[in-house]
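If you want the building blocks of each chain, they are given just below.
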Amino acid sequence: VDIIYVNEIKSMKEKFTSNAMDIKRRGTITLITFALILSYLNGYSQKEAYIWYFGRKAGLDFNTTPPTMLSNGPNPGTGDTDEAHATISDADGNLLFYTNGQTIWNKNLAVMPNGTGLSGHWSTTQCATVFPLPGSTTEYFIITTPLTGSTTGLLYSVVDMNAAGGLGDIKAPVASHKNQPMPNCPTYMMESVVSVPHSNGIDIWVIAHTADNPGTANNEGGSFVVWLVTSSGISYSNTYTLGYAYPASASGSRGIGIMKSNSCFTRIFISYYNASSRVEGFSFNNSTGVVGNWPAPVSGPLVIDEYRNSSGVMTPIGSFSYGLEISPNGRYLYNTISGETGNKELTQYDLQAGTGSNDDIEKSAVRLTPAAPQGDRYSQLQLGPDGKIYHSIFNWNNIGSGGFCRVGVINSPNTGGAGANYVESEYIWPASATGVGSSMGLTSFHKGFISGRAAITSSLDNLEEVCLGDQLDFIAQSSGSIATYAWNIDKNLNNTVDYMTGPTIFHTYTATGTYTVELVVTDVCGYTYTSTSEVKVLPKTSSAGTVQCSPVIGNVTSPDPSYTYVWYSDAAGTKPIATGATNVSLPVAGSGNVYVRAETGVTSNTSNHELRNTGTKNNWGGSAGNYVEFTVLTPITLNSFNWGNGSIPGWPYPSTTYTVKIQNQDGSVTFYTNSYTTTEGSSTYNAYSESGLNLNLPAGTYRIQYSGTGADWSVSTNASDENVIIGTNAGKVGNFKYTVTKLSPTRLPCSQMSAAIPYSCPLPVELLAFDLIYSGKSVLLKWATSQEVNNNYFEIEKSIDGIHFFNIGKVNGAGNSSQALHYSYNDRETHSGVIYYRIKQVDYDGTFTYSTIKSVHIGHNVSFTIKPNPSNGTITIATNSETASEPFRVEVLDLLGITYFAEEIELVDQRMKVNLQHLPKGLFIVRISGKEEVYTERLVIE
C-alpha cells in the first residue's frame, strides 16, 4: 500500500460520488453505494471498546458523554498492574472480561474459574490483544506478550463466553485452549502486539516484533512476524526482517516497546524503549499481510528519534520513548517520553509535512507538554471510541497505595499544533476513591474496535417515539474521520436513492407510522459503516378542562379513562399541582390560569410508613377533635393501612365499635370511612388492616379521623419522607401504619398542554401586603388584609423548590372585618439556599385561596454556585469557603420528588463535578446537604 494506491482510492470515491449524484438526478431507483467497491463489514466497531479498566481499580465508561470515571475495577495488588491491560465489551457496551496478561476477570470483576496462570505478564507494555474468533459471538482470543528476556514468545488462550453460566471461562478442554504457542513464533519477542482487520472485513491480522537475544552481544536486526486469524483459527503468515537493529548496550530492555496501527490499517508504527529510543513507521498491506518500508520519498522505514525541547531545539529522544498513538485521520503521530530519567514530553509529528521526507516529518515536531508536567512519568496513549486520545500519567510512589489517578486527553487529535487541545488533567480521581491508582498503561484494543463507526443520535430525548409535525434532527456519531454521509429516512417504505447528505440532517414526517432510518458513512480510508434506527411517528393528543369555585376544582372535558391527567400552574408544564380528571382540588390563588395534559404510563413506587409516638395516652372517647394531620408533598395513592387501639396493661377492653375516616384537613371531604368492632381483651391490642383502597390524594394536608365509644385508640407521629410529612399531635400513643404509592406520570410523547383554563373565584379575604424579613436566625412573615368575610384561619406553607409546599403553622383569622388587619408568623427552622413561602387562607366552609409566592435566599457559612445553569448534563458545584472540606451529599430531584441522583461527593479545590448526562431535559432541584447546611437551587437541563 502506498500513496499512489491511496490516491487511486480517493479518485474512485470521487467518481462514485459523481455517479451517485447523476443516478439520483435521473430518478433511477437502484441503490448503489461505495460499499460495492470497498466494503468493511460491520461486525466490529460497535461498542466493544466502551469500557476501560487500567491501573488499580480505575476505569472509564464511554457509554456516557463525557465518559464516566470508574473506581470499581479489579485490584490485582501491589506490583501486579504496572503497565498493560486489555478489556473487551460486547457490541452494546457491556463489559465481558478484563486481563492484565496473567489473570482474567469476568464482567462481575471476579476471577474466571480457570482465569489464573496466563503466561503473559503484568509488566509488559502491551499485555495482550483481545478479539472474537471471526464469525463467532461467544469465543474470544487472548494473545499475550512475554516479558522482555522471556523465551515464551506470544501465546494465545481462548475464552468461551457460554461457559460458567454466561460469565465466561477458558474453553474446554482447558489444556488445549490455554497458553498455546502462536504458530512458528520465534523464541524472543517484544512486549508489543497489534491486531487489525483484514481487508475482507472478516479475518484478522496479528502483528508482533522479535526481540534481541539477551544472551548475545551482537547487534541483531528486528523482524515483524505476521499471523492470520480466520474462523478456522490462527495460522502463520510470514516474517519480514527490516527496521531497527538492537545495540548490545540495550541488553536490559531489548523487548520493551509499543506497536500501533493507523485507522486505515495501512501503516504500522513501533516505539522502542531502550538505549537508543525511537519510533519507526512501516507500510502494511491488510489484504496480503505484507509489512514494508515507508512509502517514498522515505528510503526504508520512517525513523523519528528526536523531539522538540522546551527551547524549540530538536533533541535526541534518548532512552525512554514510550506512549504511541495515531490520530483518527492518520495524519498526526503522538509520542511520549516517559521521563524515567530526564524530561517528560508529549510530542506531535505531522506525517504529511513538507514533501513527506523523513527529515520534514521529524522536524514538524510540536511540543504539547505543559509548563509543569504532572506525575512521575508520562505513559501510554490510547485512541478512544469518541475520537479523542487518552494519556495515562503515572505516579510511582502511589501506585501501590492508590490515591493518585490522573488521565489527560488530546481533545482534537486531527488538528495540528496547539489546536490539538491537550488537557493534562482532564480526569482526576478524588482521594476518596480508595485504592485507585494510575499506572503506565491504559487499555489495549483490537484496532477494528476503535476505528470509524456509524451511530444515529438526535438532540431529542427519545428518538424512537416522536410527534407528527415535529422537525427531527438526525446526527451521525462517529469516532473516525468521515468523508461522506448518506441518509435514507424511510428505508423500509422507499428503498430508492433518496439520500440526504451531511453529518446532521433535518426532516419532518408528514404521516404517522414506523420508519427505518439508515445511515451509511464512508471514512477517509474508503471503508463504509452502516447503522439503522427506528422512528415511530405518533399522533398528537390534546386536553381541555374547566374550573369551578368553592374551592377551586378542575374537571377534564370528556376524559379518556386510559389516560392519567396532570394539572399544572404553568404553560411550560414544569409545575404540576394535582393529578386527576374530575373534581380535582387545585391549590391555586383565587384567579388566574391553569393547564392540564393527558399523561400515561403511571408507575408506582410503593413504600411503607409507620407513625409512632410514645407520648402520654389519651382517651379519644368519640370527640370530634380526635385526628392526626399529615401533609402530602406530591400526589400519592394510598393503597393500604393498618391501625390498632392502644394497649394498656391490666385494663380489659370491652367490645367496642370504632370508625376511622381519612379526610381533607377540615373534615369537609371524606375519602375513606369504615367501622371496626374490637374484641374484648385484657392487655392486648387489636389490629386491623385495609388494602386495595386506591385513594388518589393530590398534594395537600389531610387528617386521619377517629370516633367511637371505647377506650383508647391511638395513632402515631414523628415519621416523614419525600412523599409524606406527618404533623405532630402530642398526647396520642400507639401506631398507625400505611402504605403509599407515589405517582410517577410519564408524559405521553405527543400529549399537548391544554390552552389556558381561566378562572376567577371570589376572594373572601383581600391581602394588602405580604413580605418576608430574614433576621439572620429566622424568617418573619408579615401580611395584612383590607377586609375579611368568613375568614377562619391562615396556614403558613413552606417549600424548598417553589412547587411542593407543606404546612408549618397556623394563624387564626378575624372572621369578618371591614378594616385593615395585620398578621405575622416567625419561622425559626431555616437552611441555606432559597426558601419559598405562601399564605393559604381558609374559610369556615373549607373554601381556600393562596397568596402569591415569596422567596428569601439564606446564606450561612457555606454557599454554593452551580454552573453552567442551564446545563447539558455536566455541572460543577463550587464554593468559595475554604472551610467546606467535609463530604457533601448531592441530590437531584424532579418536580414530582423522584430522585435521579444521590451521592456523597468530596470537594476538590472547593469544587465537585457531577455528571447528570442520564437526566432528561427539564427543571430539577439540586439539594446539597452538609453536617449543618442544606442548600437548594433550581437546575435546568436542556
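Residues numbered from 1 in each chain as written. Predicted model: local features only at pLDDT ≥ 70, side-chain atom pairs only at ≥ 80, totals over all residues. Heavy atoms only, no water.

K.L.:
Mind laying out the pairing of strand β41 (residues 564–568), listing which residues take part and the relevant values?
P.N.:
One face of the sheet, then the other: side chains in a regular strand alternate in exactly this way. Most of β41 is tucked away: 5 of the 5 residues are buried. By the alternation rule, side chains of β41 split into Thr564, Val566 and Tyr568 and Tyr565 and Trp567, which are all buried. By the bridge criterion, 3 bridges tie β41 to strand β42 (residues 576–579) in an arrangement that is antiparallel. By the bridge assignment for β42, tyrosine 568 is matched with proline 576. (Buried < 20%, exposed > 50% of the residue type's maximum accessible area, 1.4 Å probe, protein only. Helix = DSSP H or I, 4+ residues; strand = E, 2+ residues; numbered from the N terminus. Pairing = 2+ DSSP bridges.)

K.L.:
Lay out the sheet that holds strand β26 (residues 345–350) with the relevant residues and their values.
P.N.:
One open sheet accounts for 4 strands, arranged β24-β25-β26-β27; its pairing is antiparallel. Since the sheet does not close on itself, it has two edges, and those belong to β24 (321–326) and β27 (366–367), each with one partner. Taken together, the 4 bridges between β24 and strand β25 (residues 332–337) define a ladder with antiparallel strand orientation. Paired with glutamate 325 across the bridge in β25 is tyrosine 334.

K.L.:
How would you summarise the pairing of strand β18 (residues 267–272) if you had to cite specific residues and measurements?
P.N.:
Counting buried positions along β18 gives 6 out of 6 residues, so the element sits mostly inside the fold. Here β18 shows a buried face lined by Arg267, Phe269 and Ser271 and a second buried face lined by Ile268, Ile270 and Tyr272. In this structure, strand β17 (residues 257–261) lies alongside β18, joined through 5 bridges in antiparallel fashion. The partner of methionine 259 across the bridge, within β18, is isoleucine 270. Linking β17 back to β18 in an antiparallel pair, the connection comprises 5 residues, with phenylalanine 265 at a positive phi of about 65°. As defined by bridge partners, β18 adjoins strand β19 (residues 278–285) across 6 bridges and the pair is classed as antiparallel.

K.L.:
Give me the pattern of salt bridges: which residues, what numbers.
P.N.:
For the structure shown, the criterion picks out 12 salt bridges. The salt bridge involving lysine 171 is made with glutamate 139; its shortest N-O contact spans 2.9 Å. In this pair, lysine 171 is assigned in the loop between β11 (169–170) and β12 (180–181) and glutamate 139 in strand β9 (residues 139–144), connecting sequence segments 32 residues apart. Here lysine 171 falls in the partly exposed class, since its relative accessible area comes to 22%. The exposure class assigned to glutamate 139 is buried, which follows from its relative accessible area of 19%. One network of salt bridges, in which partners are shared, links Lys260, Glu325 and Lys447. (Salt bridge = Lys/Arg side-chain N within 4 Å of Asp/Glu carboxyl O.)

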